[in-house]
Amino acid sequence: MGSTRLPGKPLADICGKPMIVHVAERAHAANLGRTVVATDSPEVLQAVQAHGLEAVMTRSDHESGSDRIYEALQTLDPDGLVEAVINVQGDLPTIEAELIIKALAPLHDGAVDIATLGVEITEESEKTNPNVVKIVGSPLAQENRLRALYFTRATAPWGEGPLYHHIGLYAYKRAALERFVSLGRSYLEQRESLEQLRALENGMRIDVELVSGQPLGVDTPADLDRAREMIAKAL
């Protein structure tokens, strides 16, 4: 709600529904389990519930979405029955349910702690854009799968070959989420302003599912207009 570039953006109207409702509906359509919006805003809570979806209040002092979903998990599942959690950011109103499903796939490997998504960079300007986070990873035996070695705002890795844009959607094994939020902010996390580096610096494994589509993240009024156009065409 406190976005400086788009104040109140979770409640921004898109074709008659708040943006956060579009995101929640798409997460629900993935049919992976319970879908809950975790928020610190009473207005967001009320808007989500008014559309027949579930929401839970959390503290307002969390430093990351991971901390917020962990608090929500403790409230919603105190008996520890949930095995994995997918954190879908609330500013992705055009995300396809299929992408959310794909984010869970790497967790089927018992050695993986956290799973996320990546897409090959095709625009030359994005390769040097520090706002486009790049994945440095080793290809695995599974098709379209990388083991993440690093995430950076720099242009990396060096040399011939594709570069991959990180899509900030995370699937956590419950134990991995518990460990992650217990760790202090790490050196490289603070230097790059990328929270996933905290996991790598502490020896946790992140695998990346490579996908062909990139969801639109809404950060500016222009992004919002584009999201409205995309969703209007799909109606």
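Residues numbered from 1 in each chain as written. Predicted model: local features only at pLDDT ≥ 70, side-chain atom pairs only at ≥ 80, totals over all residues. Heavy atoms only, no water.

Per an unreviewed UniProt entry, the protein carries the name 3-deoxy-manno-octulosonate cytidylyltransferase and comes from Paenochrobactrum glaciei.

### Considerations on the side chain of Asp207
Tracing the backbone through its elements, the reader meets Asp207 in strand 10 (residues 206-211). Among the residues examined, Asp207 registers a relative accessible area of 0% and is labelled buried. Contact partners of Asp207, with chain neighbours within four places excluded, come to Pro106, Val112, Ile114, Ala115, Thr116, Leu140, Arg145, Leu146 and Arg147. (Helix = DSSP H or I, 4+ residues; strand = E, 2+ residues; numbered from the N terminus. Buried < 20%, exposed > 50% of the residue type's maximum accessible area, 1.4 Å probe, protein only. Contact = heavy atoms within 4.5 Å.)

### Notes on the pairing of strand 8 (residues 145-152)
Direction of pairing for strand 7 (residues 134-139) relative to strand 8: antiparallel, over a ladder of six bridges. In the sheet register, Pro139 faces strand 8, and the bridge partner there is Leu146. Hairpin connection from strand 7 to strand 8: five residues lie between these consecutive antiparallel strands, with Asn144 at a positive phi of about 60°. (Pairing = 2+ DSSP bridges.)

### Thoughts on the pairing of strand 6 (residues 114-120)
Counting buried residues in strand 6 gives six out of seven residues, a clear majority hidden from the surface. In the sheet, strand 6 pairs with strand 9 (residues 164-173) via six bridges, with the strands oriented antiparallel. Across the sheet, residue Gly118 finds its bridge partner in strand 9, namely His166. By the bridge criterion, six bridges tie strand 6 to strand 10 in an arrangement that is parallel. From the neighbouring strand, Val119 faces strand 10, where its bridge partner is Val211.

### Observations regarding the pattern of salt bridges
Here the structure, examined in full by the defined rule, presents 16 salt bridges. Residues Glu189 and Arg198 are paired through a salt bridge, measuring 2.8 Å at the closest nitrogen-oxygen approach. As far as burial versus exposure is concerned, Glu189 and Arg198 are alike and both buried. Measuring nitrogen to oxygen at the nearest pair gives 3.6 Å for the salt bridge that ties Asp225 to Arg228. Here the residue Asp225 and the residue Arg228 both occupy positions in helix 9 (residues 221-234), the gap between them amounting to three residues, near one helical turn. On the basis of relative accessibility, which here comes to 41%, the residue Asp225 falls in the partly exposed class. (Salt bridge = Lys/Arg side-chain N within 4 Å of Asp/Glu carboxyl O.)

### A word on helix 3 (residues 65-76)
Over its 12 residues, helix 3 runs 16 Å from end to end, which matches the ideal 16 Å to within 8%, given 1.5 Å per residue. Taken together, the buried positions of helix 3 are occupied by Ser66, Asp67, Arg68, Ile69, Tyr70, Glu71, Ala72 and Leu73. Buried residues in helix 3 make contact with strand 3 (36-39), strand 4 (54-57), strand 5 (84-87), strand 9 and helix 6 (174-182). (Expected span 1.5 Å × (residues − 1).)

### Looking at the packing of aromatic side chains
Following the criterion strictly, the structure yields two aromatic pairs and no others. Geometrically, the ring pair formed by Tyr170 and Tyr172 is tilted, given 6.0 Å between the ring centres and 35° between the ring planes. Classification of Tyr170 as buried rests on a relative accessible area of 8%. Geometrically, the ring pair formed by Tyr172 and Phe180 is tilted, given 6.1 Å between the ring centres and 50° between the ring planes. Here Tyr172 matches Phe180 in class, with each residue buried. Feature note: the residues Tyr170, Tyr172 and Phe180 constitute an aromatic cluster, connected by ring pairs. Residue placement shows Arg198 over the ring face of Phe180; its charged tip is 4.3 Å from the ring centre. (Phe/Tyr/Trp six-rings, centres within 6.5 Å; stacked < 30°, edge-to-face > 60°. Lys NZ or Arg CZ within 6 Å of the ring centre and 35° of its normal.)

### Side note on the nonpolar core
Within the largest apolar cluster, 26 residues are counted, with the highest numbers of intra-cluster contacts made by Ile114, Phe151, Tyr172, Leu177, Met204 and Ile206. Taken together, the elements giving at least two residues each to this core come down to helix 3, strand 8, strand 9, helix 6, helix 8 (196-201) and strand 10. Considering each element in turn, this core owes the most residues, four residues, to helix 6. Non-local contacts of Met204, meaning those with residues more than four positions away in its chain, are made with Asp113, Ile114, Ala176, Arg179, Phe180, Leu183 and Ala199. Counting 15 residues, the second-largest nonpolar core is a separate cluster that includes Ile100, Ala103, Ile167 and Leu169. (Core = buried A, V, L, I, M, F, W, Y, C linked by side-chain atoms within 4.5 Å.)

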